[in-house]
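Per-entry structural report
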Amino acid sequence: MRNILRSSICASHRTILNAACSSLPNGSNISSYFLFLLLLHGASAALKDPVQKWQTLSGAPPLVIARGGYSGLFPDSSQFGYQFALSDSLPEVVLFCDLQLSSDNVGFCKTGLALDDSTLIAKVFPKNDKTYKVNGDDLHGWFSVDFTSNQLMDNVTLIQNVLSRPSIFDGTMGISLVDDVVELRPPQLWINVQYGQFFLDHKLNIEEYISSRAKKIGVNYVSSPEVGFLKSLGGKLGKSNVKLIFRFLDQQLIEPSTKQPYGAILKDLKSVKAFASGILVPKTYIWPVDKDHYLQPATTLVKDAHGLDLEVYAFKFANDFISSYNYSYDPSAEYLQFIDSSDFSVDGFLTDFPSTASAAIACLAHTKDSPVPPPGNDTRPLIITHNGACGLFPGCTDLAYQQAVEDGADIIDCSVQMSKDAVPFCLDSPDLTKGTTAATVFLTKAATVNEIQNGSGIFSFDLLSNEIQTLKPDLIGPYNQEGLKRNPAAKNSGKLMTLVDFLAFSKSSNISGVLIDVRNAPYLATRGIDIVDAVSSALINASYDKETKQQALIASDDSAVLRAFKKFPAFKCVLQIGNAISDVSKASVEEMAKFANAVSISRGSVVQAQGSFLLRFTDVIDKMHAANLSVYVGLLRNEFMNLGFDFWANPMVEIVTYSSLMADGIVTEFPATAAEYFRSPCSDFSKNLTYTIMPAKPGSLLKLTDPSALPPVQGPAPVLEPADVVDPPLPLVTISSPGASASLNGSSTTSGARVSTASSGIYLLVIGLSAFLLVSSQ
C-alpha cells in the first residue's frame, strides 16, 4: 500500500510541515513546531492495533523510556529533546529525568553530576570548578550545588556530549526544570536520582523534594542505585502509586548504602523486592556480550525477577553505540532480542532513540514468521543485494549469497570480473586487494592500470582462474577505520564463486532473479577478453534466456554494453548512474529508454543534503517513471555513520523513505533489515496503525537550527544530459600493444564515468570521501 503512503500520508505531512515551518518567525516559537510534529504522527493513528501477547510481567507491551528526551539527536534533557520524544514515540512514552538540585533547592533534569560534561558552564563560570568526594572517589568539575537556579537557568546552555551526534544545537537551549518537563504533560514521568547521598551531604534533601511534589507533578517512577535512598523515600511516599525501581550499576561497583557489590545484590533479588517494585539493569545483565562483542546465552534474570513480581527495565540502548556484532548495526534487532521471545521480555527500555524502540514494539515484534509480501507498486520495492549479504560475510562469497537468500533478498547480484584465462567470477572490484587476501600472496603482480582506477592494484585479469581460487575472501567494512567492523569472526570465511557457480546457486534458490554487473568491457577488450560474450554465454547455458520464474538483470554504466544485451529479450537492462544528479533532462530520459529498462541511482540523486542534514527531495524518480524506467536506489548500509541525521541513526527509516518515494528497488548490503521492515504490519499503511515508522522529512531538522551555524550550501549536483548517457561502441576484442592500450583512455571512458565517475575505483573513492566528510561533520 505504498500509494497510500505516498499520496495520502506523505502529501498531507508535507503540507502540514510546510505550513508549520513557514509559520515560524525566524526560528522562534519552536515549541509550536513540535505540536505540528505531533499532528504528523497522529495522521496515522487509529482506534485498534493487532492484539499482541507479551512476556512482560503485566502482559502489556514494554515501555519506551526516553532518557533525557530524544538525547540521541538533541542535547540531553533539552526541551527540544523532550518534545521530540513525545512527538515521535509510542503514545505511552515515559520521559526520563535525571534529577539534580540547585543550591536553592530547585529541581532540574541533567544526566551526569558534573555539569561541564554536557553544558557550557565552564565558559560562563570559569573559576567555579570544585573537587568533591562522590562515593569515595574524587570528582572534579562544576556542580549544581554551587549555583542558584537563576545562575543556571539564565546563563548555562546545553551541548551534545556524544561526538557522533549533531553539535549544531550546542549552546542554543537552556537547562530544563522539572516543572518545564511537567508542563509538556507527558503520559508518564520517570525521576532518576543517581546521587541522592551527595545532595544530602550538601544539605539538599531530594527525598523531601520528591515526596512533597510527587502527586502534584505526576511522578510515576523513581529509580536510584542507592538502597538507602529508596528505602527512605518509600517510607515517605507511603501508599503512593509511585513505583520505586532499584537501578543496578556494573556488578563490580559498590552500592554506597550496603557496601555490597551490585553483583552480590543481584544474587539476592528477594531483598530488593522488600523496597522496590522493579529493577533497572544494564542490558548485559540480560544478554551478556563476550570480549569479542558477540552475544552469549541469556541469563535467567528476567524470569527470576518476574517470578518475584519484580518488573525488569534495561538501559544503555542507543542506535549509535557499538553493541554486539550479532545485530549487524541494526538497532531494531537489538531491541527485538530483549522482547521478541516466547521465553521472556523486559518490561521496558531506557533509550536515547525512543522512536526506534517504539518501532520495534509496535511494528517489528512478533513478525519474524510473517511472510514478506511480493514486490510491486502497491506493496514494496525489490530488495537487491550488493555483493550478497556483505554486511555479514565477505562480499561475493557463497556464504554472503546464502545469507542473502535466507534473509529475504529478491535479487542477488554478481559483479563480474575476469581472470587472465577469461573465466568470469563474482567480486566487487577487479582489484583483488579489495575483498581478498591477494596482497599477501601476489604482491609481485601489482600494477597500475589507469583505465581501471587511480593507484596500483593486483588485478584479476593478470591472474589465472586457478590462482584466484586460492585466495581467501576478506571482509573489510567501509567504516573499519572508525571502529565499525563487520562480523570479524567471518573475516575470511566462505569462498569466491565463478559466474557459473553463482547462476547454478541462484537457479536453486527461492529468489525473483539475479543482477549481473558488467564493468570495464572496453579495457578488457584490449586484453583479449570479451566480458559481454562470457556473461551472455553463462546466462544462456543456465537457460536464463528462456527463464520465466527468475528475471536476469544486466547492469552497467556503459550504454554500449547494455545495447549489446538488448538482443536478448528476456534480459532487463539497468543503467548505473553512480554519482549524484539533481535533475534529469527529458532528452536524456528518452535516450536512456532506448537501451535500458531501469536505472540505478545513488541516494544523493533522490535526496539532497546540507552537511549531514537532509535538505530536499528531487523529482528524479518521478521523471524516470514518466519514461517507464524502473528506478533502483542505493547503496544502503546499516552503519549509523552512513546515515544523515534525519534518519535518526536508524537504517530502517531510510528504507521507509525510499519506499515512500516509490523506488522500484533498494540496493543494500543488509537485506535482512529491509525484509524485517517489509514483513511488518507497519509497511502496509492501509492498516492505519496507532504507531508506524514514518519516512524522513527533509528540512524538518534544519528548521530548528541557526542558519549561521550550518555548513555552506553546496551547489546543486549536475543535471543528467544525453551526452552523459551515450557511450561509443565497444572496441573489437583484440590483444593490443601497450601503446595501443594506452591510447584507449579516451574511448574506454563510459558515460557513467564522465558524469558520475562510476567506474569501480573512483566510485569507491567517492564513498570513502563521503564517509570522511560525514565523520568530520559530526
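These remarks concern the structure in this document. (Residues numbered from 1 in each chain as written. Predicted model: local features only at pLDDT ≥ 70, side-chain atom pairs only at ≥ 80, totals over all residues. Heavy atoms only, no water.)

What follows is about the side chain of S700. For S700, the position within the fold is in the loop between α24 (671-678) and β27 (719-720). There is a polar contact of 2.8 Å between the side chain of S700 and the backbone oxygen of K697. (Helix = DSSP H or I, 4+ residues; strand = E, 2+ residues; numbered from the N terminus. Polar contact = N/O pair within 3.5 Å; in protein donor to acceptor, adjacent residues only side chain to side chain.)

A few words on helix α13 (residues 331-339). The element α13 is largely enclosed, with a buried count of seven among its nine residues. In this structure, the buried side of α13 is in contact with β11 (311-317), β12 (348-351), α14 (354-364), α23 (651-660) and α24. The N-cap of α13, judged by a side-chain oxygen 3.1 Å from the amide nitrogen of S332 a few residues on, is D330. (Buried < 20%, exposed > 50% of the residue type's maximum accessible area, 1.4 Å probe, protein only. Contact = heavy atoms within 4.5 Å.)

With that settled, consider the state of the cysteines. Tallied over the full model, the rule gives three disulfides. Across the disulfide, C97 is cross-linked to C109 (sulfur-sulfur distance 2.0 Å). In this structure, the disulfide formed by C97 and C109 twists by about -100° around the S-S bond and is classed as left-handed. A residue pair is termed long-range when its members are at least 10 positions apart, and C97 in strand β2 (residues 94-101) and C109 in strand β3 (residues 107-109) qualify at 12 residues. Of the two residues, C97 and C109, both sit in the buried class. The disulfide partner of C363 is C682, and the S-S distance across this bridge is 2.0 Å. Judged by the torsion about the S-S bond (-80°), the C363/C682 disulfide is left-handed. Note that C363 is positioned in helix α14 and C682 in the loop between α24 and β27, a separation of 319 residues in sequence. A single burial state applies to C363 and to C682, both of which are buried. For the protein, the disulfide bridges join cysteines in the arrangement 1-2, 3-6, 4-5, where the cysteines are counted in sequence order. (Disulfide = S-S within 2.5 Å.)

Here we come to the pattern of salt bridges. Taken as a whole and judged by the stated rule, the model has 29 salt bridges. One salt bridge in this structure joins D462 and R527, with 2.7 Å as the shortest N-O distance. Of this pair, D462 sits in the loop between β17 (456-457) and α16 (465-468) while R527 sits in the loop between α18 (521-526) and α19 (531-541), and the two are 65 residues apart along the sequence. Classification of D462 as buried rests on a relative accessible area of 17%. Owing to a relative accessible area of 30%, R527 belongs among the partly exposed residues under this scheme. The salt bridge involving E654 is made with R603; its shortest N-O contact spans 2.8 Å. (Salt bridge = Lys/Arg side-chain N within 4 Å of Asp/Glu carboxyl O.)

Below, the discussion takes up the packing of α23 against α24. Here α23 crosses α24 at 65°, and the two axes come no closer than 10 Å. Between α23 and α24, the crossing angle belongs to the class labelled roughly perpendicular. Read as a crossing pair, α23 and α24 show a hand that is right-handed. Residues P651, M652, I655, V656 and S659 of α23 form the contact with α24, whose participating residues are T673, A674, E676, Y677 and F678. Across the contact of α23 with α24, the residue classes tally to seven nonpolar, two polar and one charged. (Axes fitted to C-alpha atoms, helices over the stretch in contact; angles between N-to-C directions. Parallel < 35°, antiparallel > 145°, perpendicular 65-115°, else oblique. Left-handed = near helix turned anticlockwise from the far one by under 90°. Nonpolar A, V, L, I, M, F, W, Y, C, P; charged D, E, K, R; others polar.)

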